[in-house]
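A look at the structure
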Amino acid sequence: MGKALIIGAGGVASVVVHKCVQNSEVFEEIMIASRTKSKCDALKEKLDGGKTIIHTAQVDADNTEELIDLINGFNPDVVINVALPYQDLTIMDACLATKTHYVDTANYEPLDTAKFEYKWQWAYKERFEEAGITALLGSGFDPGVTGVFTAHAQKHHFDEIHYIDIVDANGGDHGLPFATNFNPEINIREITANGRFWKDGEWVETEPLEYKTVYNLPEIGEKDCYLLYHEELESLAKNIKGLKQIRFWMTFGEKYLTHLNVLENVGMTSIEPIEFQGQMIQPIQFLKAVLPDPATLGPLTKGKTNIGCIVRGIKDGKEKTYYVYNVCDHQECYREVGSQAISYTTGVPAMIGAMLVMNGEWQKPGVWNVEDFNPDPFMDALNKWGLPWHETENPELIDLEFTSNGV
Ligand code: NDP
């Protein structure tokens, strides 16, 4: 069917490349372009020889002109941005200049402030409309599949959705004292920021990890879940009409939180630049350099992830509850593509989003979040490409009201 340019060659990109190669009818030709070309070449070497033709290139994705030259040289139908959130706008600028569709998995982040806001990317809407191209934002798992799950619940199960709890649980263990499952800098920024949830039309801010609940997750068991802000809350609060409350919960073990507390207390998670041996560095970037590379956790991680949406609302005049979730096994992912489940659950939806943009099912000029589109082809593709989902109309619920530091 066509050509995709994949930017980045880290944990998520590796899964995207594996999945594009498996889906060679759609992805006839791909180019893997990243800062370190040897990582792109290593992926090509591993996967070359099938139907998909693989090219590699070096690119500095902070440099729009370099990106424009690369896109013009390869002429892809879509650019899949799985570099870092800092590169979103330069890549979107290059897509505009070359009239190429755009897909990413994380919202733009300025280097100096942890914001997790869509405003910078949503501001491109008119320009993408005028150029006649689609930008699909946040096509990973969360954001991504969580938005598709919500759109599916809205389309097939509810007349009105009132409450959503997104629960992201990692029941996996890599056996290391401390490591993050995806890019440490982005991961730690997310967890150490203030929490926030949306209630009755307003954002309610919390201290970082202030609220905790215990939830019994299918195939994983009881886990401590902490309320965090997560970027899909912003788009879902805007796009799901009639919503009264939406919260996001992530599981963390005690050992992980103890390490994180110490690192935070000694200043290692700060994004404020400091001078070190004549150079300005951000402590969190230095920390990233000494922590295990998430891409190396694949062989070590055992256990499962479970990410899903618990939805409450009204159907045919009656109150209804509904839970839709995916369970993903770290070791199975590793056997299939050589990565753990966190990269897998992000890379598969990125490939699916790009496929739907390429085949026209999710093509609409402008800048969109996943829940803006018909969820059906995406839900089908999840079953087909390795992330089957389960649903129940009688789930365990999380209390809607908070007591002090818990629910
Ligand atoms: P990694 O750090 O493993 O990979 C990032 C890649 O981007 C690396 O190959 C890196 O190059 C490359 N890169 C960084 N800066 C540049 C640049 N200026 N120019 C070109 N290439 C660059 O991250 P992950 O694979 O874990 O994450 C990728 C993305 O996926 C992130 O945006 C992350 O936030 C997002 N994500 C989304 C999730 C979701 O569910 N929606 C979940 C997990 C992640 P180099 O190899 O040289 O460092």
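Residues numbered from 1 in each chain as written. Predicted model: local features only at pLDDT ≥ 70, side-chain atom pairs only at ≥ 80, totals over all residues. Heavy atoms only, no water.

**Side note on the site of the ligand**
Lining the immediate surroundings of the ligand are 28 residues, of which R35, T36, K39, A61 and N183 lie closest. Between the ligand and T105 there is a distance of 2.8 Å, counted from a nitrogen atom to a backbone nitrogen or oxygen. Burial of the ligand by the surrounding chains reaches 93%, relative to a free accessible area of 920 Å². Of the residues contributing to the shell around the ligand, the split by class is 13 nonpolar, ten polar and five charged. (Near = heavy atom within 4 Å. Polar contact = N/O pair within 3.5 Å; in protein donor to acceptor, adjacent residues only side chain to side chain. Areas by Shrake-Rupley, 256 points an atom, 1.4 Å probe, with all protein chains shown as cover. Nonpolar A, V, L, I, M, F, W, Y, C, P; charged D, E, K, R; others polar.)

**Focus on the nonpolar core**
One recurring pattern in soluble globular proteins: nonpolar side chains tend to sit buried together. Core analysis: the biggest nonpolar cluster contains 88 residues, and F27 and I352 have the highest contact counts within it. Ranked by residue count, the leading element in this core is helix 13 (residues 341-358), at eleven residues. What F27 contacts, discounting residues up to four positions off in sequence, is G2, A4, C20, T52, I80, M351, A354, M355 and M358. Within the second largest apolar cluster, 29 residues are counted, among which are L5, F74, M92 and L137. (Core = buried A, V, L, I, M, F, W, Y, C linked by side-chain atoms within 4.5 Å. Buried < 20%, exposed > 50% of the residue type's maximum accessible area, 1.4 Å probe, protein only. Helix = DSSP H or I, 4+ residues; strand = E, 2+ residues; numbered from the N terminus. Contact = heavy atoms within 4.5 Å.)

**Observations concerning helix 10 (residues 254-265)**
Helix length check: helix 10, at twelve residues, gives a terminal C-alpha distance of 16 Å against a target of 16 Å (1.5 Å per residue), a fit within 8%. Of all the positions in helix 10, only Y256, L257, L260 and L263 are classed as buried. When helix 10 is viewed along its axis, its buried side chains cluster within an angular range of 125° and face the same direction. Away from its buried face by more than 90 degrees, helix 10 exposes E254 and N265. (Expected span 1.5 Å × (residues − 1). Arc of directions from axis to C-beta.)

**Comments concerning the side chain of T346**
Among the secondary structure elements, T346 is positioned in helix 13. The class for T346 is buried, based on a relative accessible area of 17%. At 2.9 Å, the side chain of T346 and the backbone oxygen of I342 are in polar contact. Residue contacts for T346: discarding those within four places in its chain leaves V12, T105, S139, G140 and F141.

**Describing a negative patch on the surface**
A cluster of acidic side chains, namely D60, D62, E65, E66 and D69, defines a negative patch on the protein surface. The topology assignment puts E65 in helix 3 (residues 64-74). (Patch = residues over 30% accessible without salt bridge, like charges linked within 9 Å, V, L, I, M, F, W, Y side chains within 5 Å. Salt bridge = Lys/Arg side-chain N within 4 Å of Asp/Glu carboxyl O. Lys, Arg positive; Asp, Glu negative; His and termini not counted. Charge placed at Lys NZ, Arg CZ, Asp CG, Glu CD.)

This is a description of form; function is not addressed.
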